[in-house]
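Structural overview for review
The chain contents come next:
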Amino acid sequence: MKRTNISVFIPHKGCPHRCSFCDQRSISGAAHAPTPQEVSELLEGQAQHLSDIGMTAEIAFFGGSFTAIPRDYMVSLLECAGSAVEKYPQVYSGIRCSTRPDCIDEETVSLLKKYGMTAVELGAQSMSGEVLVANERGHSPEDVRRAAKLIRESGISLGLQMMTGLYKDSEDAVRFTCREFIAMNPDTVRIYPTVILKGTRLGELYESGEYCSFGFEQTVDLCAELLREFTNAGIKVIRMGLHASKDVERDMLGGVYHPAFREIVESRLFLRDAENMLSRLPQGEYTLYTDPKNISRLTGQKRGNIAALSERGYSVKVKPCAGEYIRAELA
Ligand code: SF4
């Protein structure tokens, strides 16, 4: 059965922080905080629709720091979500939220557990203390470790979110974050290359020439490395790059954004593996066989991988072969 999320956006009005990358206007401005009644109506309405199309869904409270909103409001939303899960168990498979690492403590975790929370994602962003301070996150790497441990021990699924290319970031700091994440053994990870938006501290630093995020190709290579590390550790990477958004496209000053970012990263991994395999063979014409589902990733966007291999002296054609990852045969 196919799965989806029913997202409930909870604007975090009056967030006391001022993270360098966050456009607070978009999250604390006009966005309407849904009432419990509205959430119940949404979930009721969606239940029949999901059932008709044969899908299950998690109820996802996104948009800021769920556990930092007023406690009564948080509980009232959890009650609505919990009732929907109880009433439509064949449709709603659980409840998830995202929050800040310093907004998690034992009491909060037991409250989430009591109301049936199944997954919590922590916006860690980096495990480098220097990067966290430079980007005014207001929490430490130790806050992330502590919160992750509490969530893990409660039996709630743990998700961790990281960014690449923040102010004062480096490739080494990103790799360190990756290793630290793996040590915390999350179930899922999301990776967001930094997008520099108008109206943010990063935007000011960028316009003054003080800061420039990682380049596009550098980020693709780095994210390919991260994807491989997390996958090898058995950790699912459930998102790479911001969702396609007209607002982001309009307000972006710099940084890395592409609506098909993950596909580009996966394609880079195929290129690296094909290069590695061919480097042991003499230059020449080859047919590369791969499973039909991998054809576009091996070929690359606009046949970019084929062109890159050709520059290295390998003229390749890609053909489908069920179950293959990459197999090379002389043409
Ligand atoms: S990203 Fe930072 S500034 Fe923006 S809502 Fe979250 S904690 Fe507040």
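Residues numbered from 1 in each chain as written. Predicted model: local features only at pLDDT ≥ 70, side-chain atom pairs only at ≥ 80, totals over all residues.

What follows is about the overall build of the protein. When helices and strands are counted, the protein shows 13 helices and 12 strands. Along the first, second and third principal axes, the C-alpha atoms of the protein reach 70 × 55 × 40 Å. Relative to its full complement of 331 residues, the protein shows a buried share of 38%. Restricting the contact set of the protein to residue pairs at least 6 apart, pairs at least 24 apart contribute 78%. (Helix = DSSP H or I, 4+ residues; strand = E, 2+ residues; numbered from the N terminus. Buried ≥ 20, exposed ≤ 12 C-beta atoms within 10 Å, placed from the backbone. Contact = placed C-beta atoms within 7 Å.)

What follows is about the domain arrangement of the protein. Along its sequence, the protein is carved into domain 1 (2-259) and domain 2 (267-330). Here domain 1 and domain 2 have C-alpha centroids that lie 35 Å from each other. (Domains from an automatic or database assignment.)

The immediate surroundings of the ligand are formed by 11 residues, with Cys 15, His 17, Cys 19, Cys 22 and Gly 64 found nearest. Taken together, the residues of the shell around the ligand sort by class into 4 nonpolar, 5 polar and 2 charged. (Near = placed C-beta within 6 Å. Nonpolar A, V, L, I, M, F, W, Y, C, P; charged D, E, K, R; others polar.)

Strand order in the open sheet formed by 7 strands is 1-2-3-4-5-6-8, with parallel pairing between adjacent strands. Across the chains shown, the open sheet's two edge strands, defined by having one partner strand only, are strand 1 (2-9) and strand 8 (236-240). Neighbour-to-neighbour, the strand axes of this sheet turn through a mean angle of 25°, independent of strand direction. Summarising the sheet, strand 1 and strand 2 (residues 55-62) pair through 8 bridges and their orientation is parallel. Residue Arg 3 lies in a different strand from strand 2, and its bridge partner there is Thr 56. The strands touched by helix 3 (residues 71-87) are strand 2 and strand 3 (92-99); relative to strand 3, the strand with the most contacts, the crossing angle is about 155°. (Pairing = 2+ DSSP bridges. Axes fitted to C-alpha atoms, helices over the stretch in contact; angles between N-to-C directions.)

Quick look at the sheet that holds strand 11 (residues 314-320) now. Read across the open sheet, the 3 strands follow the order 11-10-12; overall the sheet is mixed. For this open sheet the edge positions go to strand 11 and strand 12 (327-330), each flanked by a neighbour on one side alone. Here the strands of the sheet are splayed against their neighbours by 30° on average, with no regard to which way each runs. The pairing of strand 10 (residues 284-290) with strand 11 spans 7 bridges and is parallel. Pairing of Glu 285 across the sheet is with Ser 315, part of strand 11.

Moving on to unusual backbone geometry. The backbone of Gln 125 shows a phi angle near 70°, a positive value even though the residue is not glycine. Mapped onto the fold, Gln 125 is located in strand 4 (residues 117-125). Accessibility expressed as a C-beta count within 10 Å gives 27 for Gln 125, which makes it buried. Non-glycine residue Arg 303 carries a positive phi angle of around 55°. Structurally, the position occupied by Arg 303 is in the loop between helix 12 (295-299) and helix 13 (304-311).

One finds Ile 59, Ala 81, Val 120, Ile 151, Leu 160, Cys 223 and Val 265 to be the most contacted residues of the largest nonpolar core, which totals 74 residues. When neighbours within four sequence positions are excluded, Leu 160 is seen to be in contact with Leu 122, Ala 124, Ala 148, Phe 181, Met 184, Pro 186 and Val 189. If you look at the next biggest cluster of nonpolar residues, it comprises 12 residues, including Leu 271, Leu 309, Val 316 and Val 318. (Core = buried A, V, L, I, M, F, W, Y, C linked by C-beta atoms within 7 Å.)

Residues of helix 4 (residues 106-114) that are buried include every one of Thr 108, Val 109 and Leu 112, and no others. For helix 4, the angular spread of buried residues about the axis comes to 100°, placing them on one side. Exposed side of helix 4, more than 90 degrees from the buried face: Glu 106, Glu 107, Ser 110 and Lys 114 are the residues found there. Packed against the buried residues of helix 4 are strand 4 and helix 6 (141-154). Note on helix 4: the residue one or two positions beyond its end, Gly 116, has a positive phi of about 85°. (Arc of directions from axis to C-beta.)

Once that is clear, we can look at helix 3. Side chains three or four residues apart in an α-helix point the same way, a direct result of the helix having 3.6 residues per turn. Relative to the 24 Å expected for 17 residues at 1.5 Å per residue, helix 3 spans 24 Å between its end C-alpha atoms, a close match to the ideal helical length. Regarding helix 3, the residues found buried are Met 74, Leu 77, Leu 78, Cys 80, Ala 81, Ala 84 and Val 85. Buried positions in helix 3, seen along its axis, are confined to an arc of 155° and lie on one side of it. Of the exposed residues in helix 3, those oriented more than 90 degrees away from the buried face are Arg 71, Asp 72, Glu 86 and Lys 87. Structurally, helix 3 contributes buried residues whose contacts are with helix 2 (36-52), strand 2 and strand 3. (Expected span 1.5 Å × (residues − 1).)

Let us look at the packing of helix 2 against helix 3. Across the interface, helix 2 lies against helix 3 with an axial gap of 9 Å and an inter-helix angle of 20°. Considering the angle they form, helix 2 stands roughly parallel to helix 3. The two elements helix 2 and helix 3 meet at a crossing, and its hand is right-handed. Taking contact as the criterion, the partners of Pro 36, Val 39, Ser 40, Leu 43 and Ala 47 in helix 2 are, on helix 3, Ser 76, Leu 77, Cys 80 and Ala 84. Residue composition of the contact of helix 2 with helix 3, by class: 7 nonpolar, 2 polar and no charged. (Parallel < 35°, antiparallel > 145°, perpendicular 65-115°, else oblique. Left-handed = near helix turned anticlockwise from the far one by under 90°.)

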